[in-house]
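For reference, the chains in residue letters:
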Amino acid sequence: STHFTLGGGNAVNKSTKRNIAFLFASVDGISKVGSYTAPTTPNEYLNIDCGFVPRFIIIKGANIAQDWTVFDTLRGLTASAGNDPFLALNSNAAQISSQDCVELTSTGFRIREGWNIRTSQSGYRYIFYAHA
């Protein structure tokens, strides 16, 4: 509960490389850590129940090389369909605001099938962190 270890591989433990570790935990009513598999039926929605309305969400493909994608209400994340501005934590690229990826619900958020590889490539697994 207070430590974690790294393997000896160059991807996570090479002395000339910079690395960062994100360690999150679920706290009722405040934060939620979880995973989901994107739906495979066209235009199907997947509801993620957090127990609260998140103001900040990080999503990352678990079994694909993909960005750490950040959505937040200050940037423009809403309950309405429409373009959701987001940033990639692992990039210095500017904010992207031309994709509809996530919609807030009264108890969490929802993802639409196949809409975006960052959040819902059909059948792929994703991890997420949501914060109230």
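The preceding data block contains the structure.
Described below are features of the structure shown in this document. In every chain, residue numbers begin from 1 and rise along the written sequence. Local features are withheld for residues below a pLDDT of 70 in this predicted model, meaning they are given only at 70 or higher, and side-chain atom pairs are given and counted only at 80 or more; totals for whole chains, interfaces and linings count all residues. Computation of side-chain values: all heavy atoms of the structure, hydrogens and water removed.

### Comments concerning the side chain of Ser31
Item 1. Only DSSP runs of H or I covering at least 4 residues are called helices, and only runs of E covering at least 2 are called strands; the numbering of each starts at the N terminus. With respect to the helices and strands, Ser31 occurs in strand β1 (residues 31-37).
Item 2. Taking relative accessible area as the criterion, Ser31 reaches 5% and is therefore assigned buried.
Item 3. Throughout this description, a polar contact denotes any pair of N or O atoms lying within 3.5 Å of each other; where both atoms belong to protein, one of them has to be capable of donating a hydrogen while the other can accept it, and for residues adjacent in sequence the pair is counted only when both atoms sit in side chains. Within the local environment of Ser31, its side chain forms a polar contact with the backbone oxygen of Ala25, the two atoms lying 2.9 Å apart.
Item 4. The contacts of Ser31, once residues within four sequence positions are left out, are Ala25, Ser26, Phe52, Tyr129, Ala130 and His131. Exposure classes here rest on a 1.4 Å probe applied to the protein chains alone. A residue is buried below 20% of its type maximum, exposed above 50%, and partly exposed in between. Note on definitions: a residue-residue contact is assigned when non-hydrogen atoms from the two residues lie within 4.5 Å.

### Brief notes about the sheet that holds strand β7 (residues 108-112)
Item 1. Only strands that DSSP links by at least two bridges are regarded as paired with each other. Pairing is antiparallel across the open sheet formed by three strands, whose spatial order is β2-β7-β6. Every interior strand has two partners, whereas the edge strands, β2 (45-49) and β6 (102-105), have only one. On average, each strand axis in the sheet is tilted by 25° relative to the strand beside it, whichever way the strands run.
Item 2. One ladder, built from five bridges, connects β2 with β7; its direction is antiparallel. Residue pairing across strands places Tyr45 opposite Arg112, the latter belonging to β7. The axes are straight lines fitted to the C-alpha atoms, using for helices just the contacting stretch, and the angles between their N-to-C directions are given from 0 to 180°.

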